[in-house]
Amino acid sequence: MNARIGQGFGAVGAPVVAVWRHGWAIYSVFAQVVWAIVTGAIRWREVVRQAYLIGNRSLFFITVTLGFLGLISVYQVASQIQRILPDFTMMGPAFIQLMWREFAPTITGLMVATRVGSGIAAEIGSMVVTEQVDALRMCNADPVRYLIVPRTVASAVMLVMLTIYAVFVATLAGMALADVVFNVDPSTFVSFRLVTTADVALGLAKALSYGFWIPIVAGQAGLSATGGSAGVGWATTRAVVSSSFAVILLDFIISGFGYVVLNL
Amino acid sequence: MSGAVAIRCEGLGKRFDGTWVLRDVNLEVRRGEVLGLIGPGGHGKSVLLKCLAGLLSPDAGRVLVDGEDLARLGPLGLARVREQYGYVFQNYALFDFMTVRDNVAFPLVQQAHLSAEEIDGRVASRLSEVGLGHALDLLPRELSGGMKKRVGLARATVGEPAILLYDDPSAGLDPVTSSKIFQLIARMHRADAATVVVSHDIDRMRAVCDRYVMLDHGQLVFDGPEDALGGAPDTVRAFFHDAAATQRRGGA
Amino acid sequence: MRSLVTRPLATVGQAWLALAATLGGATILLGRILRSLVPPRFDRDETWRQLYGVGVKSAGIVVVTALFVGAIMVIQSAFYVRRTGATSLLGYGVGFTVFAEIGPILIGLMFSGRVGANNTAELGTMVVTEQVDALRTLAIDPIRYLVVPRFIAMIVMMLMLMALGDVFAVIGATLTADALIGIDPQVLIDSLLESHLLDEYLLGLGKALCFGVSISVLSCWYGLGVRGGATGVGRAVNNSVVANAAAIFFIDFVMGWLFPVGL
């Protein structure tokens, strides 16, 4: 009887312990990255190279996904408006504002978490199972500083730039759809009337946080890879899930903070 | 030919997921000697080598390098001690995003004691010593297995380390290349350095090693030179001679 | 100077070729899967095992994601409600976005990450360790044994998780509305129920079904096509999640176009 109870607790407790350990491991990488940045231990040439890779890999993908998002959203909203009150003047401005505040940073963040996060985990995971990370340590190069810090800095910067690009793409797509299907004049749609500095600041703050945390979470998953090709596969999977979830969690925290504390 | 103790293991134990892979290992690695680490596959040789290098931390006992406990050293102390090591990995572990020159120069660049010209000079001379002077600008994927092994060797020895660790240096290589690698191992060994070689290639180890240590199921069952094998348990002698006989008959 | 023009064109051209190859290969795989379904010739034990595995793996992350998605949507909707004063629209705003748009997309993305990537990794590892070849030499069709059970399991699970996710998103929305914005949960739920969101709810489920199809087919296709050891598996997982994400957005657009819902 006691064994059953013990098993029951174990079944519930085991995932909790696993999540806790995972969280602690991520925090430890985070602390090391912050310390490295604060003490200026950044290899700038590697940062630039990583930024180029991140931008290159994500650009087409972001264009496609945010283009479709723009098309869908405007189609849905415009259909509603057409039925209630055919006045489309506020649609464009509100759309652009919502893009800045929420969807451009978050969807871009999720896409980068998927594309770049899995890439980082796959790269670093492969290095772990081929003992290159051990070789780095034997040569006195700390793996977190050498591999993760440059990617973190690059990703934070690139995500901000990609978010700005995403707003542009989504707006363009939405504008095209509104014009072709609902005959909304582009100049009516593309108006920044409702966008305040607070909205832009909120969006950029989110972009910066996502960009900062994605390589930390994905890199940690890569560093914990064990066991050959299977291990690299699991590490990549874990990286995608964890970094996507990190984006959503950060979105909640920043949105909540912005709303409650700063009345944004 | 034994001198001061470079590395000492006291009651070393290592556990993975509840299974003890190494148990109560007491070992001394002395300067000036070449130590051969032998034993059946999967019985802990690579794990022991990584513990000697500080890449794995012990779950029991301790590893002392020149009297200092590796587990107690902070990052600066560990960095200082690591500079003494050269490690050649089983699967070469070359950085695949760097050229051969940058791979070999890497440990020197990290140590940051030397100027760029001095580093270049050392790298070029070390690479020509291993016969790869022409391969400076190639990438690891453009090299054969034997060439990659030699680059790994060059990278491990470019800093003139006092402790050299080789994990299965001739694994997967043809007989001619294997012999060349072991010749290089003999050449890289210095009178004031300690060398440990993990291998199944008993015949070639004979030409290089002064002393042998055998691991069976994670425990040390033999420690001594080849002529002390007479007093060793039958299992040890059987392994030693069987392995040597198989090689002579037709293996690597 | 010429390379400045030809190189981007070549990249775009390559991208389109890769896209065509993926679509073609995936469609063929889908055809083979459907053929194994009618008449039903697939391994039933493996299907049950997959159902269990997929459910256990994804339930947790989907539930937690749904909670946060509901919460975020409430915060964003509250922003507009405060500006316009239309408090009664809060329930509608949250319900519409969660059931019809954001819910399916985010749950789809999370499912793709947790289960799709895992699937590609498993199948890819089996290819690299020659287990798939071994199956063939035993005259077992890998499609019937490996792919179809996963296909069924993922579609069924995706539908169940969508329904479950909707519930938890509403819970998350309610809790946040109460704690952060000070709106009575009852008010929010009433507003939600009065909004007649059945169409949106069904659209969400329909999208979930299509996502289940695309995620399972694409992840299996990438997994079975792995070449090159550890790095190959990592790369296949990478490509698989990217392709799935793009497919999710594309399908979302097409479904939204074909089945317009709303007031």
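Residues numbered from 1 in each chain as written. Chains lettered and ligands numbered in written order. Predicted model: local features only at pLDDT ≥ 70, side-chain atom pairs only at ≥ 80, totals over all residues.

### Topic: the interface of chain A and chain C
One frequent convention defines the size of an interface as the accessible area lost when the parts assemble. Listed per partner, the contact involves 46 residues of chain A and 43 residues of chain C. For the side of chain A that touches chain C, the leading source of residues is helix α8 (residues 228-260) of chain A, giving 20 residues. (Contact = placed C-beta atoms within 7 Å. Helix = DSSP H or I, 4+ residues; strand = E, 2+ residues; numbered from the N terminus.)

### Observations concerning the interface of chain B and chain A
Chain B puts 15 residues into the contact, and the matching count from chain A is 10 residues. No other element matches helix α3 (residues 100-111) of chain B, which puts 4 residues into the side of chain B that touches chain A. Each residue belonging to the side of chain B that touches chain A can be placed in one class, and the counts come to 10 nonpolar, 3 polar and 2 charged. (Nonpolar A, V, L, I, M, F, W, Y, C, P; charged D, E, K, R; others polar.)

### A short note on the environment of A:Arg57
Residues and elements named next belong to chain A. On the secondary structure map, arginine 57 appears in helix α2 (residues 44-84). In this structure arginine 57 comes out as partly exposed when scored by C-beta crowding, with 17 C-beta atoms within 10 Å. It is 18 Å that separates the C-alpha atoms of arginine 57 and valine 167, two residues lying 110 residues apart in sequence. Beyond its immediate stretch of four places on either side in the chain, arginine 57 contacts Arg115, Val116 and Gly119. (Buried ≥ 20, exposed ≤ 12 C-beta atoms within 10 Å, placed from the backbone.)

### Quick look at the packing of helix α3 (residues 91-129) of chain A against helix α8 (residues 229-258) of chain C
Two numbers describe how α3(A) lies on α8(C): the axes approach to 9 Å, and their chain directions differ by 175°. It follows that α3(A) is roughly antiparallel to α8(C) by the angle criterion. Judged by residue contacts, A:Met111, A:Thr114, A:Arg115, A:Ser118, A:Gly119, A:Ala122, A:Gly125, A:Ser126 and A:Val129 of α3(A) engage C:Ala230, C:Thr231, C:Gly234, C:Arg235, C:Val237, C:Asn238, C:Val241, C:Val242 and C:Ala245 from α8(C). (Axes fitted to C-alpha atoms, helices over the stretch in contact; angles between N-to-C directions. Parallel < 35°, antiparallel > 145°, perpendicular 65-115°, else oblique.)

### Regarding the arrangement of the chains
The assembly contains 2 pairs of chains in contact; the pair sharing the most contacts is chains A and C. Regarding chain B and chain C, which are not in contact, the minimum distance between any of their C-alpha atoms is 12 Å.

### Re the sheet that holds strand β10 (residues 219-224) of chain B
All names here are of chain B. Here we have 6 strands laid out as an open sheet, ordered β6-β7-β8-β3-β9-β10, and mixed in their pairing. Of all the strands in the sheet, just β6 (85-88) and β10 have a single pairing partner and so form its edges. Between one strand and the next, the sheet's axes are offset by a mean angle of 15°, whatever the strand orientation. In the sheet, strand β3 (residues 34-38) pairs with strand β9 (residues 211-216) via 4 bridges, with the strands oriented parallel. Bridging from a neighbouring strand, leucine 35 pairs with arginine 211 of β9. (Pairing = 2+ DSSP bridges.)

### Topic: the nonpolar core
Judged by nonpolar contacts, the single largest core of 236 residues is most densely connected at B:Leu37, B:Leu52 and B:Leu165. Sort the elements by how many residues they give to this core and α3(A) lands first, with 21 residues. Here this core spans two domains, since at least three of its residues come from each of domain 1 (1-84 + 164-252) and domain 2 (91-160) of chain B. If we ignore the near neighbours within four places in the chain, the residues touching B:Leu165 are B:Leu49, B:Leu52, B:Ala53, B:Tyr85, B:Tyr87 and B:Val196. (Core = buried A, V, L, I, M, F, W, Y, C linked by C-beta atoms within 7 Å. Domains from an automatic or database assignment.)

### Thoughts on the pairing of β6(B)
Residue and element names in this part refer to chain B. Burial along β6 is two-sided: the face carrying Tyr85 and Tyr87 and the face carrying Gly86 and Val88 are both buried. Pairing analysis gives 4 bridges linking β6 to strand β7 (residues 163-167), with the strands arranged parallel. Residue pairing in the sheet places tyrosine 85 in a bridge with isoleucine 163 of β7.

### Re the packing of α2(A) against α8(C)
The contact between α2(A) and α8(C) brings their axes to 9 Å, and the two run at 20°. By the angle between their directions, the pair α2(A) and α8(C) is classed as roughly parallel. You can see that α2(A) and α8(C) cross each other, and the crossing is left-handed. Between α2(A) and α8(C), the residues in contact are A:Phe61, A:Val64, A:Thr65, A:Phe68, A:Leu69, A:Leu71, A:Ile72, A:Tyr75 and A:Gln76 and C:Val242, C:Ala245, C:Ala246, C:Phe249, C:Phe250, C:Asp252, C:Phe253, C:Gly256 and C:Trp257, respectively. Looking at side-chain class alone, the contact of α2(A) with α8(C) contains 14 nonpolar, 3 polar and 1 charged residues. (Left-handed = near helix turned anticlockwise from the far one by under 90°.)

### What to know about the pairing of β3(B)
Residue and element names in this part refer to chain B. Of all 5 residues in β3, 5 are buried, a share of seventy percent or more. Residues Val34, Gly36 and Ile38 line one face of β3 and the alternating positions Leu35 and Leu37 line the opposite face, and both faces are buried. Where β3 lies against strand β8 (residues 194-198), 4 bridges are found, and the strand directions are parallel. Along β8, the bridge assignment pairs leucine 35 with valine 196.

### Focus on the confidence of the model for chain B
Looking at chain B as a whole, its pLDDT mean stands at 86, while 94% of the residues score no less than 70. Scored by ipTM, the complex comes to 0.83, with pTM at 0.85. (pLDDT = per-residue confidence, 0-100.)

### Focus: the domain arrangement of chain B
Residues and elements named next belong to chain B. With domains assigned, chain B is organised as domain 1 (1-84 + 164-252) and domain 2 (91-160). Distance between the C-alpha centres of domain 1 and domain 2: 24 Å. Across the boundary between the two partners, domain 1 contributes 9 residues, which contact 9 residues of domain 2. Looking at which element gives the most residues to the side of domain 1 that touches domain 2, the answer is helix α6 (residues 175-188), with 4 residues.

### Structural notes on helix α3 (residues 89-128) of chain C
Residues and elements named next belong to chain C. With 40 residues, α3 extends 54 Å between its outermost C-alpha atoms, agreeing within 8% with the 58 Å of an ideal straight helix rising 1.5 Å per residue. The largest bend in α3 is about 55°, located at valine 98. Judged by how many residues are buried, α3 sits mostly within the fold: 38 of 40 residues are covered. At the C-terminal side of α3, glutamate 130 shows a positive phi close to 65°. (Expected span 1.5 Å × (residues − 1). Bend = angle between axes of the 7 residues up to and from the residue.)

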